[in-house]
Amino acid sequence: MTESLRETESDDKVPAGGFGIQFKLSLFYAALLMTVLLLAAWLVERSVRDQIEQSRQRAIDDSGNLLVAELRRRTTLVNGLAQGIARFTENAPHDPALLAATIPSMLDLPRASAWIAGGGYWPEPYRFDAKRERSSFFWGRDTRGVLQRFENYNLASGPGYHRREWYVPARFLAPGKCYWSRAYVDPYSRQPMVTCTVPVNEGGEFAGAVTVDLRLEGLSEAFAQQTAGIDGYAFALDQHNNFITMPQRLPIGQTPADQAADIGILADADERYRGLAQKLRKIHSATTSAFKNSAAYPRKIVASLANESDEISLAEAELIALALRDIAVSAEPQYQDIEDDPVFGGEGLASIFVVPDSYWRVVVVTPKSMPVAKAQGVIRSTVLQLVLPVALVMLLAYFVLRRLVVTPLQAITQALIRPDPGGGLRQLSRQLKGEFGQLAFWFGRRNEELHEANTRLEEANAELEFQANFDFVTRLYNRRFFEHKLDDLAATDQWPRTGLLLLGVDQFRVINDTSGHAAGDAILVQMANLLRSLCNAEDVLAHFAGNEFAVRFNSPNIKHAQSVGEKIRLGIEGHPFVWEGHIIPVTASIGVVHLADVQTDRALALRLADGYRHIAQESGRNCVRSFEADDAAISKIHDEMGIFYKLQEALALDHFFVEFQLIEPITGHSGITKPAMEALVRLREPDGSVLYPGSFLPAAERYNAIEQLDRWVIENTIVMLAGNRAILEEIEFCSINLSGDSLVQHSLVLFIKELLQRFRIPARKLCFEITETQVISNLDRARTILGELSDRGCRLALDDFGSGMSSFGYLRDLPVDIIKIDGRFVRDICSDVVDHAFVKSIGDVAQAMSLLTIAEFVENDTSLAALQTIGIDFAQGYYLGRPVAIDEVLKTRYSRIDKAPYTPPNTFVSD
């Protein structure tokens, strides 16, 4: 790119020639000064008046929009609060005491008591008690502003609520929507207000409604303050043209005690408002007529609304249906002249603004135009103040600009011409001349480069952000982001009210193997889309890796969490997953945890859920498993979890220690006479008892702590060898066991190399033992790591040889030096001819391949003699020496003198 840039530079020329900016500026100012002085008065006369009117109209529009915004801010708050209470009642138990204790605290928001007059939950008949039709939970504010519960709606003699104008529409509301009632005066608090009603649905069935009352008191004062700057006044009307706010100066007659006045009452009180009333009715009529003639008009809903409530007429039912269907109306302001406004005593203009989502309107009334005398005074003052100052300013500006603009402009141009160290420059245009041409050229060049760099940076940042938080295939959150969300949850009080499930797609490897990875990816994408549809909007979904998905969801208890898991399992089982026209049957194994049963530890919660998922797989797949006290498999998970935490504590407090067991040369065929030894890890309990590997290694492997333990053993073994140089010289090698998790980590090789260099231990003194089962899952990766260890001089042993069906095949695939024969064949070598033949065949193959052999579990002298006859190179077992501290290991070398009798264990257990 740099070379091409330099090539184009050689062809382009920097603009030059023409008159300079200094000459042009002088000529321009001379002509401009004369023109300004001649045209100033004419321009002021023509433009100032229009500008004043335009500015004033903008101020009116801004004022109306601000009033609309203030109303919408309050309605949005109330709607959100109502939706929150509705969600609570849907998920909460049908416990009147719980509802009575919780709903008032949700209504009593900080700093909102001036807006929220009350509200409550109104269930369907007999919802709580089969013998009691009315069971509402309603609170309103008393004269002190304190929420008080009102039971009158529940009394047989009370007004009831199931047929009220604000309740009946809730049956037809979509989830998340709010119906705003007509404005009214509350019969209890005597306050003007409107009610937001939202539906409560349980199991897809309408179960009642939640209401929140928006207090209208105080809005009139806010409207008056907002319109004071435009010499006007304003008021708000609901969808029925009832007053939501009303200036005190309007001539309104008497209305019923529990009803708000409407625009018709204003027109009846003063006929000068009749035109405005007709305009508002016309807007209302046009909207409802268009709706009534449209395909979206719900005739059955309109009829039901009118029949189910005595408070709803047919016309009102049509308007309510309009709100229920959320039919969009024009948001553009409309205007209506008022010939003789009673407040101004002259022509007025009413600007009508729409409040979105509620079909309310805000009316701003202002004088139609500024008084002529005031406008003329502004014009005269402007002309007098403009002409002379303009002339003086222009003359002064000439000299100032010459000093402040021309000279710096020339310097800036020169600075921009200098190329940066990254490459040359070339001209983009030859049309501009002089300094402006140069400035435009160089600034344009630099600006384009900066824009291109910023564009690439923004694209890179967006890509990095997506990759950091989302899974590329499913577009769900990834494991990292999901764990971050769990950490955030642990810092709140929502942890014990949350469920967590881990889902594994059953037989996913079979899908990949039979249909290809493209099919597997398609199934993952379909699974992600299905989970989105099965889960709630507030649930957190993630794709961990491979066939694993995770869901975090709100849940009151473990029973509910189990039901969520079962719902998802059934949804997956019944969903047709399609690939290239073929339906692929897919099921899932799901592990469920309720976080109230888990300490606030993200890692623990995930491990438990993963353990339950594994149990679901082991139980036959396509099932949901969670904690059950009488389930042996799940109890084992909890036992292993306890051991895992004990293991973590032991690593932190250094409670592990290493013992060494002698490996004795027994034939001399290999020419090796020095003994070897194996490092074996133990865990010392606080009470002094010792745990052996069989009790804690399964937990370490299940919960991904085995690699950390391996490194602890490697490092501590090397440290002890470095501290016992005499023993190091006396042994042929020291064996250390490696797990499958460590075997695929390339950093392991670097870790071992750094320890050998730091403690100056010859690599040939270390032998790393692996098993067939540890390498089979990732043979290529294991072969690479083992090859690097072998290249550095370390020895490699294939442990438990003979336990797998393909053991001999791995001798060709892996760079091993030693075969350790599985102890199950050694124990009965003298009594079982098959075992004897098997051990002999292993010895023959090893000799043919120049490999050393070690026989484990040598428990008596007859077994030792048989191994010597066969030609096995080394023996290991309690007969030759038990595991001991490093400074005792050579003292246990095999001797027939004073040999303590040995009783073999009843069962075969490998260390």
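**Student:** What exactly am I supposed to notice about the overall build of the protein chain here?
**Tutor:** Counting secondary structure elements, the protein chain contains 27 helices and 28 strands. The 911 residues of the protein chain split such that 46% are buried. Residue pairs at least 24 apart in sequence account for 65% of intrachain contacts in the protein chain once pairs closer than 6 positions are excluded. For the protein chain, the exposed area adds up to about 45,300 Å²; of that, 54% sits on carbon and sulfur atoms.

**Student:** It is not clear to me how the packing of aromatic side chains should be interpreted in this structure. Could you clarify?
**Tutor:** Remark: the centre distance and the inter-plane angle together describe each pair of aromatic rings, the angle taken between the planes. Throughout the structure, instances matching the rule amount to 21 aromatic pairs. Centre to centre, the rings of Trp-180 and Trp-360 are 5.2 Å apart; their planes meet at 65 degrees, and the pair counts as edge-to-face. A residue pair is termed long-range when its members are at least 10 positions apart, and Trp-180 in strand E4 (residues 179-180) and Trp-360 in strand E12 (residues 360-367) qualify at 180 residues. For Trp-180, a relative accessible area of 6% corresponds to the buried category. The class of Trp-360 is buried, set by a relative accessible area of 0%. One aromatic cluster is present, formed by Trp-122, Phe-138, Phe-150, Tyr-153, Tyr-161, Trp-166, Tyr-167 and Phe-206 through successive ring pairs. A cation sits over an aromatic face here: Arg-475 above Phe-472, 5.6 Å from the ring centre. In this structure, Arg-711 is placed above the aromatic ring of Phe-751, and the distance from its NZ or CZ to the ring centre is 4.9 Å.

**Student:** Looking at this model, I keep getting lost on the sheet that holds E12. Mind explaining?
**Tutor:** In a beta sheet, neighbouring strands are held together by backbone hydrogen bonds and run either parallel or antiparallel to one another. Pairing within the open sheet is antiparallel, and its 5 strands lie in the order E9-E8-E12-E11-E10. Single-partner strands in this sheet number two, and they are strand E9 (243-245) and strand E10 (334-341). Strand-to-strand twist of the sheet, defined as the mean angle between neighbouring strand axes without regard to direction, takes the value 30 degrees. By the bridge criterion, 8 bridges tie strand E11 (residues 346-355) to E12 in an arrangement that is antiparallel. The partner of Ile-352 across the bridge, within E12, is Val-363. Across the sheet, helix H4 (residues 219-227) is in contact with strand E8 (233-237), E9 and E12; its angle to E8 comes to roughly 140 degrees. Packed onto the sheet, helix H6 (residues 274-292) meets E8, E10, E11 and E12 and runs at close to 160 degrees relative to E10.

**Student:** Would you explain the pattern of salt bridges in this entry?
**Tutor:** When the charged atoms of two side chains with opposite charge come close together, those side chains can pair. According to the stated counting rule, one finds 34 salt bridges in the structure shown. Glu-90 is the partner of Arg-87 in a salt bridge, and the nearest nitrogen-oxygen pair spans 2.7 Å. Of this pair, Arg-87 and Glu-90 both sit in helix H2 (residues 21-91), 3 residues apart, which is roughly one turn of that helix. The class of Arg-87 is partly exposed, set by a relative accessible area of 29%. Close ionic contact of Arg-141 with Asp-108 constitutes a salt bridge, the shortest N to O distance being 3.2 Å. Pair noted here: Arg-141 is in strand E2 (residues 137-141) and Asp-108 is in the loop between helix H3 (96-107) and strand E1 (116-123), with a separation of 33 residues, a long-range link. Since its relative accessible area comes to 3%, Arg-141 is described here as buried. One continuous salt-bridge network, built from bridges that share partners, spans Arg-479, Glu-483, Asp-487 and Arg-602.

**Student:** How should I be thinking about the state of the cysteines in this particular structure?
**Tutor:** By definition, a disulfide is the covalent link that joins the sulfur atoms of two cysteine residues. The final tally for this structure, using the stated rule, is 1 disulfide. Two residues share a disulfide in this structure: Cys-178 and Cys-196, whose sulfurs sit 2.1 Å from each other. Here Cys-196 lies in strand E6 (residues 192-202) and Cys-178 lies in the loop between strand E3 (147-150) and E4, a separation of 18 residues in the sequence. The class for Cys-196 is buried, based on a relative accessible area of 0%.

**Student:** Looking at this structure, how should I read the packing of helix H13 (residues 517-534) against helix H14 (residues 558-573)?
**Tutor:** The geometry of a pair of packed helices is captured by two quantities: the angle between their axes and the separation between those axes. The contact between H13 and H14 brings their axes to 10 Å, and the two run at 135 degrees. In terms of orientation, H13 and H14 fall into the oblique class. Once H13 is placed against H14, the crossing between them reads as right-handed. Residues Met-527, Leu-530, Leu-531 and Leu-534 of H13 form the contact with H14, whose own contacting residues are Lys-567, Ile-568, Gly-571 and Ile-572. Of the residues that constitute the contact of H13 with H14, the class distribution is 6 nonpolar, 1 polar and 1 charged.

**Student:** Where do I start with the layout of surface pockets in this structure?
**Tutor:** Any empty space left between atoms is shown by rolling a water-sized probe over those atoms. For the second largest pocket, the calculated volume is near 1,100 Å³. Along its surface, the second largest pocket is lined by 31 residues, and Arg-87, Asn-91, Asn-536, Glu-538 and Asn-554 are the ones closest to its centre. Looking at the lining of the second largest pocket, the elements that each hand over two or more residues are H2, H3, E6, strand E15 (548-554) and H14. It is H2 that contributes the most residues to the lining of the second largest pocket, 5 residues altogether.

**Student:** What is the right way to read the sheet that holds E15 from this model?
**Tutor:** An order of E14-E15-E13-E18-E19 is seen for the 5 strands of this open sheet, with the pairing classed as mixed. The open sheet has two edge strands, strand E14 (540-545) and strand E19 (624-625), and neither has a second partner. Relative to strand E18 (residues 588-594), strand E13 (residues 498-505) is paired through 7 bridges, and the arrangement is antiparallel. Paired with Leu-500 across the strands is Val-593, a residue of E18. Packed on one face of the sheet, H14 meets E13, E15, E18 and E19 and runs near 165 degrees to E18.

**Student:** Sorry if this is basic, but what is going on with the confidence of the model for the protein chain here?
**Tutor:** Caution is warranted with low-pLDDT regions, since their predicted coordinates should not be read in detail. Considering every residue of the protein chain, the mean pLDDT works out to 81; 80% of them sit at 70 or more. Segment residues 421-430: pLDDT under 50, and 31 contacts once partners within four positions in sequence are set aside and those in other chains are kept. Every residue in residues 895-910 is under pLDDT 50, and counting partners more than four places away or in other chains gives 21 contacts.

**Student:** What is the right way to read unusual backbone geometry from this model?
**Tutor:** Leaving glycine aside, a negative phi is the common case for residues, and trans is the common case for peptide bonds. The backbone of Arg-760 shows a phi angle near 55 degrees, a positive value even though the residue is not glycine. Looking at where Arg-760 falls in the secondary structure, it is placed in the loop between helix H21 (747-759) and strand E24 (766-771).

**Student:** Is there a simple way to think about the side chain of Asp-799 in this case?
**Tutor:** Examined against the element boundaries, Asp-799 turns out to sit in strand E25 (residues 795-801). Aside from chain neighbours lying at most four places away, what touches Asp-799 is Asn-737, Glu-769, Ile-770, Thr-771, Glu-772, Lys-820 and Glu-856.

**Student:** Just checking my understanding: could you explain the pairing of E24 for this structure?
**Tutor:** A regular strand places its side chains on the two faces of the sheet in alternate fashion. Across the 6 residues that make up E24, a large majority, 6, are buried. In E24, alternate side chains face the same way, and those of Leu-766, Phe-768 and Ile-770 on one face and Cys-767, Glu-769 and Thr-771 on the other are all buried. Bridge count between strand E23 (residues 734-737) and E24: 4 bridges; the pairing is parallel. Opposite Cys-734, over in E24, you have Leu-766 as the bridge partner. When E24 meets E25, the two strands line up parallel, connected through 5 bridges. Residue pairing in the sheet places Ile-770 in a bridge with Leu-798 of E25.

**Student:** Before we go on, may I ask you to explain helix H11 (residues 479-490) in this structure?
**Tutor:** Residues three or four positions apart in an α-helix share a direction because the helix packs 3.6 residues into each turn. The end-to-end C-alpha distance of H11, which contains 12 residues, comes to 16 Å, matching closely the 16 Å that a straight helix rising 1.5 Å per residue would cover. Buried within H11 we find Phe-481, Phe-482, Glu-483, Leu-486 and Leu-489. Between a side-chain oxygen at the N-terminus of H11 and the backbone nitrogen of Arg-480 the separation is 3.3 Å; the capping residue is Asn-478.

**Student:** Is there a simple way to explain the nonpolar core in this structure?
**Tutor:** Generally speaking, nonpolar side chains in soluble globular proteins are found buried as a group. Formed by 77 residues in total, the largest nonpolar core has its most connected members in Phe-656, Met-677, Ile-714, Leu-721, Phe-768 and Leu-867. Take this core: its biggest share by element is 8 residues, from helix H18 (residues 706-723). When residues no more than four places from it in sequence are discounted, the contact partners of Leu-867 are Ile-666, Val-826, Ile-829, Val-839, Ala-855, Val-858 and Ile-872. Grouped together as the second largest cluster of nonpolar side chains are 42 residues, Val-68, Ala-183, Leu-219 and Ala-260 included.

About the cut-offs
- Residues numbered from 1 in each chain as written.
- Predicted model: local features only at pLDDT ≥ 70, side-chain atom pairs only at ≥ 80, totals over all residues.
- Heavy atoms only, no water.
- Helix = DSSP H or I, 4+ residues; strand = E, 2+ residues; numbered from the N terminus.
- Buried < 20%, exposed > 50% of the residue type's maximum accessible area, 1.4 Å probe, protein only.
- Contact = heavy atoms within 4.5 Å.
- Areas by Shrake-Rupley, 256 points an atom, 1.4 Å probe, with all protein chains shown as cover.
- Phe/Tyr/Trp six-rings, centres within 6.5 Å; stacked < 30°, edge-to-face > 60°.
- Lys NZ or Arg CZ within 6 Å of the ring centre and 35° of its normal.
- Pairing = 2+ DSSP bridges.
- Axes fitted to C-alpha atoms, helices over the stretch in contact; angles between N-to-C directions.
- Salt bridge = Lys/Arg side-chain N within 4 Å of Asp/Glu carboxyl O.
- Disulfide = S-S within 2.5 Å.
- Parallel < 35°, antiparallel > 145°, perpendicular 65-115°, else oblique.
- Left-handed = near helix turned anticlockwise from the far one by under 90°.
- Nonpolar A, V, L, I, M, F, W, Y, C, P; charged D, E, K, R; others polar.
- 1 Å grid on protein atoms, 1.4 Å probe; cavity = no way out; pocket = protein on both sides within 12 Å on 5 of 7 lines; lining within 4 Å.
- Points joined across faces, edges and corners; volume = space filled by probe spheres on them.
- pLDDT = per-residue confidence, 0-100.
- Expected span 1.5 Å × (residues − 1).
- Polar contact = N/O pair within 3.5 Å; in protein donor to acceptor, adjacent residues only side chain to side chain.
- Core = buried A, V, L, I, M, F, W, Y, C linked by side-chain atoms within 4.5 Å.

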